[in-house]
Amino acid sequence: MSYTNILTEVRGAVGFLTINRPTQLNALNPETLQEIVQGMRELEGNASVRVVVVTGAGDKAFVAGADIKAMQAMGFAEADAFGRLGHECMSTIEECPRPVIAAVNGFALGGGTELALACDFIYAADSAVFSLPEVTLGIFPGWGGTQRLTRIVGKAKANELIFTGRKISAEEALQLGFVNAVVARAELQSAVEVVANAIAANAPLAISYAKRVILRGLDVGLHGGLAFERSTFPACFGTHDCKEGIAAFLERRPAKFQGR
Ligand code: CAA
């Protein structure tokens, strides 16, 4: 498929979605949000893709946020539509049945931090910068930042970051627990490929079930989450991959998972 503002590529079992507006620091206008939704659907529909990596084109930015120029003329109705589209985009990433890794290669500001937070986990270059600076523009984080950041770092830290809009380094984001690993910029891609391929070697349906249970569990409290886990667990035993994984262990050979 061809796009204007994103690139998609499949290498082995890993699908890459690159936001590609480097001259605008990969800022997200409505067209780009729509293309991300389409690109995620394309990669999701490709049976060979077991893990998706989301990153930004160029050396400077992952995503510098919502497109501020596009927002300039927006009134209530346009802002409502832009907010819905942003939520649809973030939810498409979050709900993708495959694991999605954010490879944050530079500025991840506003909607950029929100996009990274919608992924399953974040690997960041040591040069990456995160912030939710929306209040400096007279708005507040409108694509999930108020909710996803708060669930990871807690209310007080999220309040401080959102109320001040201050920029934080990849190292501080690591300490706060919303970045999983910080690596030298030149090593980001290979580090992400190592973890993506390690995931891709495991049973895809089991990972997909685990992702759904973890995500739903966050919404329903411990008892609800445990009930969901208990009711989903037996479904694995109807899969070919479960038979293969257990047989491979007992036969002392590597498992060959097929995602069925
Ligand atoms: N929207 C539109 N264009 C943007 C942009 C954005 N969010 N961020 C950068 N750009 C554009 C600049 O306008 C500039 O374009 P021109 O050359 O055509 O003028 C180009 O990208 C390069 O940017 P700078 O010249 O500003 O580069 P810099 O190195 O001096 O600064 C920066 C880099 C610190 C990231 C700075 O660009 C910046 O602060 N950007 C805005 C960050 C921001 O506030 N993001 C939050 C947006 S609101 C949001 O995301 C809402 C939401 O939750 C839904």
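Before reading on, note that the structure itself is shown above.
Residues numbered from 1 in each chain as written. Predicted model: local features only at pLDDT ≥ 70, side-chain atom pairs only at ≥ 80, totals over all residues. Heavy atoms only, no water.

Let us look at the packing of helix α3 (residues 76-94) against helix α4 (residues 111-118). Contact geometry of α3 with α4 gives a least axis separation of 8 Å together with a crossing angle of 30 degrees. Judged by the angle between their axes, α3 and α4 are roughly parallel. Residues Cys 89, Met 90, Ile 93 and Glu 94 of α3 form the contact with α4, whose own contacting residues are Gly 111, Glu 114, Leu 115 and Ala 118. A per-class count over the contact of α3 with α4 returns five nonpolar, one polar and two charged. (Axes fitted to C-alpha atoms, helices over the stretch in contact; angles between N-to-C directions. Helix = DSSP H or I, 4+ residues; strand = E, 2+ residues; numbered from the N terminus. Parallel < 35°, antiparallel > 145°, perpendicular 65-115°, else oblique. Contact = heavy atoms within 4.5 Å. Nonpolar A, V, L, I, M, F, W, Y, C, P; charged D, E, K, R; others polar.)

Turning next to the packing of helix α5 (residues 145-153) against helix α6 (residues 155-164). The relative placement of two packed helices comes down to the angle between their axes together with the axis-to-axis distance. Their axes nearest at 7 Å, the elements α5 and α6 cross at an angle of 135 degrees. By the angle class used here, α5 and α6 are oblique. The handedness of the crossing between α5 and α6 comes out as right-handed. Counting all contacts with α5, which are made through Gly 145, Thr 146, Leu 149, Thr 150 and Val 153, the residues of α6 involved are Lys 155, Lys 157, Ala 158, Leu 161 and Ile 162. Classifying every residue of the contact of α5 with α6 gives five nonpolar, three polar and two charged. (Left-handed = near helix turned anticlockwise from the far one by under 90°.)

Time to look at the sheet that holds strand β9 (residues 168-169). Read across the open sheet, the four strands follow the order β4-β6-β8-β9; overall the sheet is mixed. Taken across any chain shown, the strands that pair with only one partner, and hence form the sheet edges, are β4 (61-63) and β9. Note that strand β8 (residues 129-131) and β9 share two bridges and pair antiparallel. Opposite Val 129, over in β9, you have Ser 169 as the bridge partner. (Pairing = 2+ DSSP bridges.)

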